[in-house]
Each structure stands twice: as structure tokens, then as C-alpha cells.
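Fold and geometry: a report
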Amino acid sequence: MSAQNEAQREQWTSRLGFILAASGSAVGLGNIWRFPYVVGENGGAAFVVIYLAIILLIGYPIMMSEMVIGRKTQKNAVGAFLNMAPGAPWWVIGALGVFSGFVILSFYSVVAGWSMAYMVKALQGFTPGMDFEGMFFDHILGVSGPLVWHAIFMAITLGIIGAGVVKGIQRTVKILMPALFILLLVLAVRALTLPGAAAGVAYYLRPDFSQISADSFLTAIGQSFFTLSLGMGCMITYGSYMNKGENISDNAAWVVGLDTGIALIAGFAIFPAVFALGFDPGQGAGLAFITLPAVFASMPFGGSLFGFLFFALLSVAAVTSAISLLEVVVAWLVDEKGMPRVKASLIIGAIIFVVGIPTFPTIMGDFSFLGGDVMDTYEFFANDIALPLGGLLMSIFVGYVWTAKKAQEEINTPKGGIFVGDWFGFLIKYVVPVAIAVILVMGLYSKITG
Ligand code: PHE
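Residues numbered from 1 in each chain as written. Predicted model: local features only at pLDDT ≥ 70, side-chain atom pairs only at ≥ 80, totals over all residues. Heavy atoms only, no water.

1. Observations regarding the overall build of the chain
Regarding its fold elements, the chain presents 18 helices and 0 strands. Taking 450 residues into account, the globule formula puts the C-alpha radius of gyration at 22 Å, and the chain, at 21 Å, falls close to it. Across its three principal axes, the chain shows a C-alpha extent of roughly 65 × 45 × 45 Å. Considering the chain as a whole, with its 450 residues, one finds that 59% of them fall into the buried category. Counting only contacts in the chain whose residues sit at least 6 apart along the sequence, the fraction spanning at least 24 positions is 82%. Split by element, the accessible area of the chain, about 16,500 Å² in all, is 69% carbon and sulfur. A distance of 12 Å separates the average location of the 21 positive side-chain charges in the chain from that of its 24 negative side-chain charges. (Helix = DSSP H or I, 4+ residues; strand = E, 2+ residues; numbered from the N terminus. Rg over C-alpha atoms; globule rule 2.2 N^0.38 Å. Buried < 20%, exposed > 50% of the residue type's maximum accessible area, 1.4 Å probe, protein only. Contact = heavy atoms within 4.5 Å. Areas by Shrake-Rupley, 256 points an atom, 1.4 Å probe, with all protein chains shown as cover. Lys, Arg positive; Asp, Glu negative; His and termini not counted. Charge placed at Lys NZ, Arg CZ, Asp CG, Glu CD.)

Pasting the structure below:
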């Protein structure tokens, strides 16, 4: 079975195909919905500084590690560890990843569904004086509306994954990623040219470290893993469709750079508009769905059109990430269990759809865990715990089990691109695991006691 699977295993047809797919995975709700509101809740620029440091010192080395494990083994998240450490329990990292993919996609699809519903709402018109808070709660407290959009979004996702790596994933990202970039630039130019935009830029760029707590570090690390699609074997899976001649250090730098650049630009598309029109940036998860529609409605012209473009952007970004989440689970079933791709996509897509339903506030209204609802709880376990924990275990695996030296050698073959010297070993053996462990323990402590 495995020989046959290897012969059939698909590969990206070009370097660009891989970079677009991997950056499509990275750029998603995390960049456009979550990043700006998390920045807004954590004091603006000071949080951005911590986030950038984590991306560089932790995100980039783990990105390279995941990609190189995938390229070397040509296997899914679980199979890759079975292949590199036969007989040892390291495959648990992959299993944790497959599980996280499940949980993340279940709430991801619900939020993506809100975004698609808001494309329609924008077309119906965002006008000044509308009650956008009421509109949002009416929408999410409904059942049939969010359910239909959640179903449509999952159907699109599993349709693309069922079509395969090249005909599904690669073809989709080649169209959607350029579209996403253009939409984002249009929105950023619109926001920055509003009278009064400068206050938002200042807020976004001027650090106020008094706003930072241990909780902010946990949020920053969770956000970094989430936004880069790290810690759950997603980049192992995508890396496994790379041919062995592909460069790792440059490709990883492209993906990290594009993801970070797009999150930063999303901030420029949002904060200047929020400040120019006199709104509060610390709105939390409602920033995109309550504050922004109000911002669009009060624009001097074209508000509904820009609103539509924004939610189109958010939906597009969500699709190219959702497919990577589903691919982690599907690749595992295809490689390890020999299940046909279409069947795996259908079954897993349907289960994830069902697992997402309890996040509807109306279904589990009185549920509360550490002060959060079901969606917060899914997010907390997946983003703030499972992903950093996955990253921690991976750094130990690469640094000590495989050994940093061998990993460096594999990354540097074939030659070319950013040279990965001993700085990599230093980061992956010491900086990455210690930083993650400290942040996890301190952040969890403050979360539970606070
Ligand atoms: N990176 C995606 C985002 O920012 C989410 C994601 C996380 C995708 C983990 C795949 C794996 O929206």
C-alpha cells in the first residue's frame, strides 16, 4: 500500500504554487479578524513588538523545521514522526496536530460563515444609524442563518480538498491569493486617506508597555502559532508535497514574511478607519463584525461597497486557510489508513461541521469555562495550548532527537538561500523550548488565577 501511495503522491507543480499554498494557509482569519482585535485589546504597538519578536525567534525556526520534516519524509503529520523515529512515541505530536486541526476548523468555519453572511449584509447596505451590535447578535444568536453559512463554507472547503493537492489546493490559491492582496491594498488606501486617520496610525505604531501582562505574552505566542499555521503539522503536510530540490530557508522566509506583512497591513486597513470615524479599537472579537460595519456606514462614500470588499477579503483568506486545516486530517487518513481522498474529505468535513455547532451561542447558552463560551474554549485549548505545546515538542524533537546539526544539514540541502548556521541550533534547542515553556506556564497560571 505504501509503495503505491508514494508513487501516487502529488507534488506542487512549482515553487510559487507551494509558497502561495503555504502563505494561503498562514494568512487567514488570524491576520484580518484576530490580529487587529488582539492588538486592540493588548495596548496596540507594545503588543506588536512582542509579537514580531516571537515570530522571528520562534516562528521562523519552527516554520523551517516543519517544512523540512515534511519534505524529508513526504508524509502527513503523524506519518512523518513514525518515519523519523520508528518505535518511539513522537507521532503523538502529529496526532495532537490532527486533533487540533479538527477543533480549529470547527470554529473557524463558523466564523468564516459569519463573514460570508456579512458580504450579503453589506450588499443590502450599511447605513449610518443602523444598530450594528444588534445586527451581529441577531445573526449569531440565530441558528438557521449561521448553520447554512457554516454548511456552505464547509462544503466549499471539502470540495477543494476532495479535488486534490494540485487541482484543488494549488489551483484555488493561485486565484485567491492575488485577489486577497489587491482587496487588502484597496482597503488600506481607503482607510489611510480618511480625514483623521493619523490617530489610528499613532495608536498602532506607538508602544505603551504599561498595557502588557503575562497574559499578553500567552496571547502573543498563541497568536503567532495560529497565524503562521504552526504547531499542528500543517506545514509538515504542505511541505510533504514539495519536491526534494526545493529550498527550505527561503520558502519559509517568504511565508513568514507574507503572513506578517499582511497582518501588519490589515492593521493599517482597520485602525486608521476606526479612529478616523471615532470608534473604540478595544472591542474584542466584535471588532470586525460590529465596529467595522459602523465604520463603513459612516464613510463619506462607498461604505457598503468597501464593507462588501472587506468581508470578501475575510472570506477568501478563510478559505485558503481552512483547506490547509482539513488537509492535515485528510492527508493522515489517506497516507496512514489508505482511505480514498474524496471519502476522507466528506467524512471529516461532515464531522467537523457537527463539532462546530456547539459554538453557536444559542445551542450551549449557559456553558462557561474560565469565563469563556464554547468558542472561546475551543480557541483557548487549540490556539493557546495545543499549538504552542506542539511547537515545544517539535523543537525538542528537532533539537535533541533528530539533532539540530542534522536538521541544519537537511535544511541547507540543496545549497542556496538563507544559510542556516549554528544560530538555528541555538534557537531550536534553547530559545524556542524555554520561551514557549515559560510563556505557557506563566500565561496559564495568570489565566487560571486571574
Ligand atoms: N493561519 C490561519 C490563520 O491565521 C489559521 C490556521 C491555523 C491554519 C493552524 C492552519 C493551521 O487564520
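2. Section: the site of the ligand
Taken together, 15 residues are adjacent to the ligand, and A26, G30, Y108, F226 and S229 come closest. Within the backbone of G30, one N or O atom sits 2.8 Å away from an oxygen atom of the ligand. Starting from 320 Å² of accessible surface for the ligand in isolation, the protein chains cover 100%. Elements with a contribution of two residues or more to the shell around the ligand: α2 (15–26), α3 (29–41), α11 (214–228) and α15 (303–337). Class assignment of the residues belonging to the shell around the ligand gives a composition of 7 nonpolar, 8 polar and no charged. (Near = heavy atom within 4 Å. Polar contact = N/O pair within 3.5 Å; in protein donor to acceptor, adjacent residues only side chain to side chain. Nonpolar A, V, L, I, M, F, W, Y, C, P; charged D, E, K, R; others polar.)

3. Focus on unusual backbone geometry
A cis amide bond, omega -5°, links T413 with the succeeding residue P414. With respect to the helices and strands, the residue P414 is situated in the loop between α17 (374–411) and α18 (422–449). Backbone geometry places S229, a non-glycine residue, at a positive phi of 60°. With respect to the element layout, S229 can be found in the loop between α11 and α12 (234–239). Here S229 falls in the buried class, since its relative accessible area comes to 10%. A positive phi angle, close to 85°, is found at T403, a residue other than glycine. Take T403: it is sitting in helix α17. The exposure class of T403 is partly exposed, given its relative accessible area of 28%.

4. Some remarks on the nonpolar core
With 157 residues, the main nonpolar core has M67, F289 and F310 as its most contacted residues. Top element by residues in this core is α15. It accounts for 21 residues. In this structure F310 touches I32, L187, I270, A288, L292 and F296, once residues within four positions along its chain are discounted. (Core = buried A, V, L, I, M, F, W, Y, C linked by side-chain atoms within 4.5 Å.)

5. Looking at helix α8 (residues 144–163)
Structural remark: α-helix, 3.6 residues per turn; residues separated by three or four positions point the same way. Between its terminal C-alpha atoms α8 stretches 28 Å, which fits the 28 Å expected from 20 residues at 1.5 Å a residue. When α8 is considered as a whole, its buried residues turn out to be P146, H150, F153, M154, T157, L158, I160 and I161. Burial along α8 is one-sided: seen end-on, the buried residues are contained in an arc of 155°. The elements touched by buried residues of α8 are α6 (91–124), α7 (132–141), α9 (165–192), α15 and α16 (341–356). Immediately beyond the C-terminal end of α8, within one or two residues, lies G164, with a positive phi of roughly 110°. (Expected span 1.5 Å × (residues − 1). Arc of directions from axis to C-beta.)

6. Considering the side chain of R341
If you trace the backbone, R341 turns up in helix α16. Given a relative accessible area of 17%, R341 falls into the buried group. Leaving out residues up to four positions away in the same chain, R341 has contacts with I161, G162, G164, V165, Y241, E327, V330 and V334.

7. Some thoughts on the confidence of the model for the chain
Chain-level statistics for the chain give a pLDDT mean of 93 and a share of 98% at 70 or above. The low-confidence segment residues 1–6, where pLDDT is below 50, has 6 contacts with residues more than four positions distant or belonging to other chains. (pLDDT = per-residue confidence, 0-100.)

8. Describing the packing of α9 against α15
Across the interface, α9 lies against α15 with an axial gap of 9 Å and an inter-helix angle of 150°. Here α9 lies roughly antiparallel to α15, going by the angle between them. Crossing handedness for the pair α9 and α15: left-handed. Facing V165, I169, V173, L176, M177, L180, L183, L184, V186, L187 and R190 of α9, the residues of α15 in contact are F306, L309, F310, A312, L313, V316, A317, V319, T320, I323 and E327. Of the residues assigned to the contact of α9 with α15, the class counts are 19 nonpolar, 1 polar and 2 charged. (Axes fitted to C-alpha atoms, helices over the stretch in contact; angles between N-to-C directions. Parallel < 35°, antiparallel > 145°, perpendicular 65-115°, else oblique. Left-handed = near helix turned anticlockwise from the far one by under 90°.)

9. A word on helix α10 (residues 198–205)
Among the residues of α10, G200, Y203 and Y204 are the ones counted as buried. Axial view of α10: buried residues confined to an arc of 95°, hence all on one face. More than 90 degrees from the buried face of α10, the exposed residues found are A198 and L205.

10. Topic: the packing of α2 against helix α13 (residues 249–276)
Where α2 contacts α13, the axes come no closer than 9 Å and their chain directions differ by 40°. As judged from the angle between their axes, α2 and α13 are oblique. The crossing of α2 and α13 is right-handed. The segment α2 lies against α13, with R15, F18, I19, A22, S23 and A26 engaging D250, N251, W254, V255, L258 and D259. Class assignment for the residues of the contact of α2 with α13 results in 7 nonpolar, 2 polar and 3 charged.

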